[in-house]
Amino acid sequence: MFRTLRVLVALLVALPLALAAQMTPGGSNIIVDKYFGVTAPQFGQYFTHLVEKYQGSDASAWGIYFESPTTAYRITPVPAESRLMGVSEILESRMGSFQDFTERERELWGTAWNARQTTLWIAEPELSYLPDDMSIATIEDNPYSRVMFYRLKRSDVQKFQNALKRRGELDRELGIDDLILRVYRGGLGTRGPVYMLRFHAENQEHDARARAARQAGRQGAMEEWQAANRAMRESAWNIEMVTNFRANDLSRNPNQ
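Residues numbered from 1 in each chain as written. Predicted model: local features only at pLDDT ≥ 70, side-chain atom pairs only at ≥ 80, totals over all residues. Heavy atoms only, no water.

Caption draft 1: Looking closely at the sheet that holds strand 1 (residues 29-36). One closed barrel accounts for eight strands, arranged 1-3-2-8-5-7-6-4; its pairing is antiparallel. Adjacent strand axes in the sheet meet at a mean angle of 35°, parallel and antiparallel pairs treated alike. Here helix 8 (residues 204-217) sits on the sheet in contact with strand 5 (144-152) and strand 7 (194-201), set at roughly 60° to strand 5. (Pairing = 2+ DSSP bridges. Helix = DSSP H or I, 4+ residues; strand = E, 2+ residues; numbered from the N terminus. Axes fitted to C-alpha atoms, helices over the stretch in contact; angles between N-to-C directions. Contact = heavy atoms within 4.5 Å.)

What follows is the structure in structure tokens.
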């Protein structure tokens, strides 16, 4: 773990200012820790302990998501205004806090999962589709996530961005107001260019019903919407979909 975090911190310090300038104030960048070989009881115990340990402190917030009984994620938001320094501070804080762990805490940390992969994602609020009152409560109330990864052809990044933006414009023109979509661009630790689209819903059934209703509501602009959707697919050499479910009890929001 420490080697991975130190490498990320070093890379962040060395990054050119051009990347920082691309961060948009309208959304939070995120650090994604993917945990492999999760042992569910110990994993849950570990993060329950962390939530209790940092209650009332200024430690970073995070969301815990399960993809399967053995694969989980911790998503940590990084305020856009803190830019790259915010990422560095979170990673350094994690390394520092681990030094204060008790022997029991270290043992629990060592048995909760087998491996972890850490990546940084840059928020793309202009491509996202969010309600005006978007908050942490919105995410807590919609714990199901359908996650799409578009691994793009390097020559077609702009084509993909334009198509996704146009798809959102058409939905807004049609009055679609129940879509919750957060968009991120792959950064450090990813084989770019890659975009991650996170669609939020109450559960899988709610997501399916809402998708069907939205498609019905797009009939007035279906030809253009489908053309934009097709352009997104054509821009990618690989498209992957996974589903996550947020464990609110293992997550930590800013008010805790």
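Caption draft 2: Spatial organisation of the side chain of Gln161. As for its placement among the helices and strands, Gln161 is situated in helix 7 (residues 157-173). Ignoring sequence-local partners within four residues, the contact set of Gln161 consists of Leu127 and Tyr195.

Caption draft 3: Inspection of the nonpolar core at higher detail. Ranked by internal contacts, the top residues of the largest apolar core, which has 19 residues, are Tyr150, Phe160 and Leu197. Going through the elements one at a time, strand 5, helix 7, strand 6 (181-186), strand 7 and helix 9 (222-234) are the ones with two or more residues in this core. Contacts of Phe160, omitting those with residues within four sequence positions, involve Tyr150, Leu152, Tyr195, Leu197, Met232 and Ser235. Tyr46, Phe47, Trp62 and Ala72 belong to the second-largest nonpolar core, a separate cluster that totals 18 residues. (Core = buried A, V, L, I, M, F, W, Y, C linked by side-chain atoms within 4.5 Å. Buried < 20%, exposed > 50% of the residue type's maximum accessible area, 1.4 Å probe, protein only.)

Caption draft 4: Region of interest: the packing of aromatic side chains. Summed over all chains, the structure comprises 14 aromatic pairs. Arranged with centres 5.3 Å apart and planes meeting at 70°, the rings of Tyr35 and Phe43 form a pair that is edge-to-face. As far as burial versus exposure is concerned, Tyr35 and Phe43 are alike and both buried. Put simply, the rings of Tyr35, Phe43, Tyr46, Phe47, Trp62, Phe66, Trp109 and Trp113 touch in pairs and so form one group of aromatic residues. Taking the ring centre of Trp62 as reference, the NZ or CZ of Arg74 above it sits at 5.4 Å. The ring of Phe199 carries the charged tip of Arg146 above its face, separated from the ring centre by 4.3 Å. (Phe/Tyr/Trp six-rings, centres within 6.5 Å; stacked < 30°, edge-to-face > 60°. Lys NZ or Arg CZ within 6 Å of the ring centre and 35° of its normal.)

Caption draft 5: Molecular detail of the pairing of strand 6. Counting buried positions along strand 6 gives six out of six residues, so the element sits mostly inside the fold. In the sheet, strand 4 (residues 115-123) pairs with strand 6 via three bridges, with the strands oriented antiparallel. Residue Ile122 lies in a different strand from strand 6, and its bridge partner there is Arg185. Pairing between strand 6 and strand 7: five bridges, direction antiparallel. Counterpart to Tyr184 in the pairing with strand 7 is Met196.

Caption draft 6: The pairing of strand 3 (residues 71-78), seen in detail. Strand 3 sits mainly inside the fold: seven of its eight residues count as buried. Here eight bridges tie strand 1 to strand 3, and the two strands are oriented antiparallel to one another. Bridge pairing in strand 3 links Tyr35 to Ala72. Where strand 2 (residues 63-68) lies against strand 3, five bridges are found, and the strand directions are antiparallel. Counted as the bridge partner of Tyr65 is Tyr73 from strand 3. From the end of strand 2 to the start of strand 3, which pair antiparallel, there are two residues.

Caption draft 7: Molecular detail of the environment of Glu205. Mapping Glu205 onto the fold places it in helix 8. Spatially, the C-alpha atoms of Glu205 and Tyr144 are 9.8 Å apart, while their sequence positions differ by 61 residues.

Caption draft 8: View of helix 7. With 17 residues, helix 7 should cover 24 Å at 1.5 Å per step; its first-to-last C-alpha distance of 24 Å lies within 8% of that length. Among the residues of helix 7, Phe160, Gln161, Ala163, Leu164, Arg167, Gly168, Leu170 and Asp171 are the ones counted as buried. Residues of helix 7 that are buried make contact with strand 5, strand 6, strand 7 and helix 9. Looking at the residues trailing helix 7, positive phi occurs at Gly175, about 80°. (Expected span 1.5 Å × (residues − 1).)

Caption draft 9: Main features of the pattern of salt bridges. Summed over all chains, the structure comprises twelve salt bridges. A salt bridge links Asp33 to Arg74; the shortest N-O distance between them is 3.6 Å. Of the two residues, Asp33 sits in strand 1 while Arg74 sits in strand 3, which places them 41 residues apart along the sequence. Under the relative-accessibility criterion, Asp33 is labelled buried at 0%. Taking the relative accessible area as the measure of exposure, Arg74 reaches 8% and is therefore buried. A network of salt bridges, in which partner residues are shared, links Arg166, Glu169, Glu173 and Glu224. (Salt bridge = Lys/Arg side-chain N within 4 Å of Asp/Glu carboxyl O.)

That is the geometry; function is a separate question.
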